[in-house]
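# Coordinate inspection notes
Each chain is listed here by its residues.
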Amino acid sequence: MFFHIVLERNMQLHPRHFGPHLRDKLVAKLMKDVEGTCSGRHGFVVAITGVDNIGKGLIRDGTGFVTFPVKYQCVVFRPFKGEILEAVVTMVNKMGFFAEAGPVQIFVSNHLIPDDMEFQAGDVPNYTTSDGSVKIQKESEVRLKIIGTRVDATEIFCIGTIKDDFLGVINDPGASS
Amino acid sequence: MSSTTDSVHSVSSDEFATLIEKELEWNSSEDEDDIESDRIKRRKVEELDNAEESQEATSIAMVPQTSDGAVNLETCLHQAPIFGGMCSLCGQFVKDHPAVSLGYIHKHLKVGTEEMNRIRGSDLKSLLRGRKLILVLDLDHTLLNSTRIDDVSAEEEYLIKQADSLQDIPNGSLFKVDMIRMLTKLRPFVRTFLKEASSLFELFIYTMGERFYATWMAKLLDPEETYFNEKVISKDDCTQEHRKSLDVVLGADNAVLILDDTEAVWSRHRENLILMDRYHFFASSGRPFGHSGKSLSELKRDENEKDGALATVLEVLKRIHEMFFTQEYASNPTNADVRKVLKKIRAEVLKDCRLVFSRVWKLGERPHNQRLWEMAQQLGATCDTELDESVTHVVSTDTGTDKARWAVQHKNFLVHPRWIEAANYLWRRQPEEQFSVNQIKK
Ligand SMILES: [Mg+2]
Ligand SMILES: [Zn+2]
């Protein structure tokens, strides 16, 4: 799920950057430091959308670096248990399948794939219903429910299920072939 | 959390996180602090009615589910792959659950023993239904030979210019991979070998090389990713140092054959192993194995394509596959074991031979423990310590021993020990005259 939130961060800046472009330097550094990172609480920072306020700098003893409290708006992405996500399948094997939704990596075990779908090995491994009408393979888009999440410094892992009503394939690239 | 060290979150964002977490709970009830325990409690109530049913289901499918398909968080035995430290059945963290890492499939994937066996079992059925077995392939000296570019000898320098383009891998056999500073020569026949073997076997690579190297080699052998996709096992995946083991291979032991030039690493799976004659193309490759002469590369020669090691072993693999499905599997589908078939076919090679060894090993060493003795027996020969009428071959490195002289007198075969090794690699009794003791001496 995406959220637009306000976060605060203490930024350290070297005195050589002090001058008319101080603010630009701070913002550039903020983007570099924060975008693409994860925190367990807020999830993945997709983009900074604005800087609300830069507080008064505080000179650090001994180093000459200055710390600025920066309040900024950003879009974050964080999956939650119980959330329904749409994801693209990246890998299918006998244990289940892996899928991605942006920075989130999801694993759906074959235990949580409907029982009527069976694994088919071969050049394009897939899970298919016995009548062949539904197929999950690499590049398929699936709708799944998150049952577990873990947010690391740079990666987000989820356990998903498609064994429930209205879950499963929403777009099958192999259907037309 | 990365951000706690150098940043301070505003109070509002903390509240925000708690808020949405609550908001997203299924039936977010009351003002419970511990949402997790709340949910468990709720589920427990839901499951009271189905308790017996769900336990039965547990014993069969090992998936503790209620009748509506939801997973019981409290009774989950975590017998499912573990991803990112979470059980893929219930989503809970299971850090301490014993499991082997399957990093060759996904960096964060692990599987516990019971689940591994379950997967192997269910996989075996579908594998055999498709008339396929599993073949685990070593890389170095088995399918190819690599040398560090820094180790290329003066006489081999010409090869660097001749290297084939990485833009057209399917049509090349000699590659300079700058990323890993390696020069790699594919073993003659390897492309045909892989193509034909893949119709009979599910193929794995298992190398003691690093993952980065293994991935590159897989790319050279299989540029279209038709054979080895997610099945490249490297040193990084090994569960024991200097050992290869089938414990990380998603295949049942009784359906696996292994091709490798190094016997020692497979000490636990010798019955699955087909030992390969080493492919040394580059000069630097043979040296650690005591080869002092010129290498194939320096002689500008190569192993024979038509009857080289890979062509020979492909024929053996086809025979094993054929015998497995027409006899072993047909007569006993539940306990069919490819190791039995391998043993049987191997024992045909020297089946009517009765061997006596003379001065092949040091006096006082127990012959039964000797590698050659064992090898000859596995090839179907009968081995003896004393001469009698029925002896067909005397194996010796010396023509002057009593036994050697006896063989000549009685017009029996007197062969060098390499006659046995050759039969072992070529899977056929070799013409004795090519292995006479004088000829090979030294
Ligand atoms: Mg090797
Ligand atoms: Zn579990």
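From a predicted model like this one, the values you see are computed outputs, not experimental measurements.

### Overview of the domain arrangement of chain B
Residues and elements named next belong to chain B. Each domain of chain B was delimited in the assignment, giving domain 1 (2-66), domain 2 (77-130), domain 3 (131-145 + 185-323) and domain 4 (348-435). In this structure, domain 2 and domain 3 have C-alpha centres spaced 26 Å apart. Counting residues at the interface gives 15 residues for domain 2 and 22 residues for domain 3. Interface of domain 2 and domain 3: buried area, both sides summed, is about 1,500 Å²; carbon and sulfur atoms make up 60% of it. Among the residues of domain 2 in contact with domain 3, Tyr-104, Arg-120 and Leu-127 are the three that bury the most area, contributing 47% of the side total. Joining domain 2 to domain 3, the criterion identifies zero salt bridges. Linking domain 2 with domain 3 are eleven residue pairs in polar contact (both at pLDDT 80 or more), by the criterion used here.

### Some thoughts on the domain arrangement of chain A
By a frequent convention, interface size equals the accessible area lost on bringing the separate parts together. Residue and element names in this part refer to chain A. Taken domain by domain, chain A consists of domain 1 (2-77) and domain 2 (84-176). Taken together, the contact between domain 1 and domain 2 spans seven residues of the former and ten residues of the latter. If you sort the residues of domain 1 by the area they bury against domain 2, Cys-38, Phe-44 and Phe-77 come out on top, with a joint share of 75%. In this assembly, domain 1 and domain 2 are joined by zero salt bridges. For the pair domain 1 and domain 2, the interface holds zero residue pairs in polar contact (both at pLDDT 80 or more). Contributing elements (two or more residues each) for the side of domain 1 that touches domain 2: strand E2 (38-39) and strand E3 (43-54). When grouped by side-chain class, the residues that make up the side of domain 1 that touches domain 2 number three nonpolar, four polar and no charged.

### Side note on the coordination of the zinc ion (ligand 2)
Tetrahedral coordination by four donors sets the ideal angle at the metal to 109.5 degrees; octahedral coordination by six donors sets it to 90 or 180 degrees. Residue and element names in this part refer to chain B. Summarising the metal site, the zinc ion (ligand 2) is bound by the protein donors Cys-76 (SG), His-78 (ND1), Cys-87 (SG) and Cys-90 (SG), whose distances to it range over 2.1 to 2.3 Å. With four donor atoms in place around the zinc ion (ligand 2) and angles of 104 to 118 degrees between them, the coordination shape is tetrahedral. The motif formed by the donor residues of the zinc ion (ligand 2), counted along the single chain, is C-x1-H-x8-C-x2-C. Linking His-78 in the loop between helix H3 (51-61) and strand E1 (82-83) with Cys-90 in the loop between strand E2 (86-87) and strand E3 (100-101), this pair joins segments that are twelve residues apart in sequence. With respect to class, His-78 is no different from Cys-90; both count as buried.

### As for the confidence of the model for chain B
Residue and element names in this part refer to chain B. Per-chain confidence: chain B averages 83 in pLDDT, with 82% of residues scoring 70 or above. Long-range and interchain partners of residues 1-11, a stretch whose pLDDT sits below 50, account for 22 contacts in this model, where long-range means more than four residues apart. Scored as a whole, the predicted complex attains pTM 0.80, and scored at its interfaces, ipTM 0.86.

### Some details on the layout of surface pockets
Residues and elements named next belong to chain B. In this structure, the second largest pocket encloses a volume near 1,100 Å³. Taken together, 35 residues line the second largest pocket, and the ones lying closest to its centre are Asp-277, Arg-278, Tyr-279, His-280 and His-291. Going through the elements one at a time, helix H8 (283-286), helix H9 (296-299) and helix H14 (418-426) are the ones with two or more residues in the lining of the second largest pocket. The leading source of residues in the lining of the second largest pocket is H14, at five residues. Within the lining of the second largest pocket, the residues separate by chemical class into eleven nonpolar, nine polar and 15 charged.

### A few points about the pairing of strand E8 (residues 104-109) of chain A
All names here are of chain A. The element E8 is largely enclosed, with a buried count of six among its six residues. Every second residue of E8 is oriented toward a common face, with Val-104, Ile-106 and Val-108 on one face and Gln-105, Phe-107 and Ser-109 on the other, all of them buried. When strand E7 (residues 96-101) meets E8, the two strands line up antiparallel, connected through six bridges. Residue pairing for E8: Ala-101 is matched across the bridge by Val-104. Counting the residues between successive antiparallel strands, the hairpin from E7 to E8 contains two residues, one of them, Gly-102, with a positive phi of roughly 60 degrees.

### Quick word on the environment of Glu-100 of chain A
All names here are of chain A. With respect to the helices and strands, the residue Glu-100 is situated in strand E7. Look at Glu-100 and you get partly exposed, because its relative accessible area is 40%. Separated by 13 residues in sequence, Glu-100 and Ala-87 place their C-alpha atoms 5.3 Å apart. In this structure Glu-100 touches Ala-87, Val-88 and Thr-90, once residues within four positions along its chain are discounted.

### A word on the coordination of the magnesium ion (ligand 1)
Residue and element names in this part refer to chain B. Taken together, Asp-138 (OD), Asp-140 (O) and Asp-261 (OD) make up the protein donors of the magnesium ion (ligand 1), found 2.1 to 2.3 Å from the metal. Mapping the donors of the magnesium ion (ligand 1) onto the primary sequence gives the spacing D-x1-D-x120-D. Here Asp-138, found in the loop between strand E5 (133-137) and strand E6 (144-148), pairs with Asp-261, found in the loop between strand E11 (256-260) and strand E12 (273-275); they are 123 residues apart in sequence, far enough to count as distant. The two residues Asp-138 and Asp-261 agree in class, both being buried.

### Considering helix H13 (residues 402-409) of chain B
Residues and elements named next belong to chain B. Along H13, the residues that are buried comprise Ala-404, Trp-406 and Ala-407. Seen end-on, H13 carries its buried residues on one side only, within an arc spanning 160 degrees. Structural note: H13 exposes Asp-402, Val-408 and Gln-409 on the side pointing more than 90 degrees away from its buried face. Against strand E15 (393-396) and strand E16 (413-415) lie the buried residues of H13.

What counts as what
- Residues numbered from 1 in each chain as written.
- Chains lettered and ligands numbered in written order.
- Predicted model: local features only at pLDDT ≥ 70, side-chain atom pairs only at ≥ 80, totals over all residues.
- Heavy atoms only, no water.
- Domains from an automatic or database assignment.
- Contact = heavy atoms within 4.5 Å.
- Buried area = accessible area lost by both parts, 1.4 Å probe.
- Salt bridge = Lys/Arg side-chain N within 4 Å of Asp/Glu carboxyl O.
- Polar contact = N/O pair within 3.5 Å; in protein donor to acceptor, adjacent residues only side chain to side chain.
- Helix = DSSP H or I, 4+ residues; strand = E, 2+ residues; numbered from the N terminus.
- Nonpolar A, V, L, I, M, F, W, Y, C, P; charged D, E, K, R; others polar.
- Donors = N, O, S within 2.8 Å, 3.2 Å for Na, K, Ca; no water.
- Tetrahedral: all angles 85-135°; square planar, octahedral: opposite > 155°, others 65-115°.
- Buried < 20%, exposed > 50% of the residue type's maximum accessible area, 1.4 Å probe, protein only.
- pLDDT = per-residue confidence, 0-100.
- 1 Å grid on protein atoms, 1.4 Å probe; cavity = no way out; pocket = protein on both sides within 12 Å on 5 of 7 lines; lining within 4 Å.
- Points joined across faces, edges and corners; volume = space filled by probe spheres on them.
- Pairing = 2+ DSSP bridges.
- Arc of directions from axis to C-beta.

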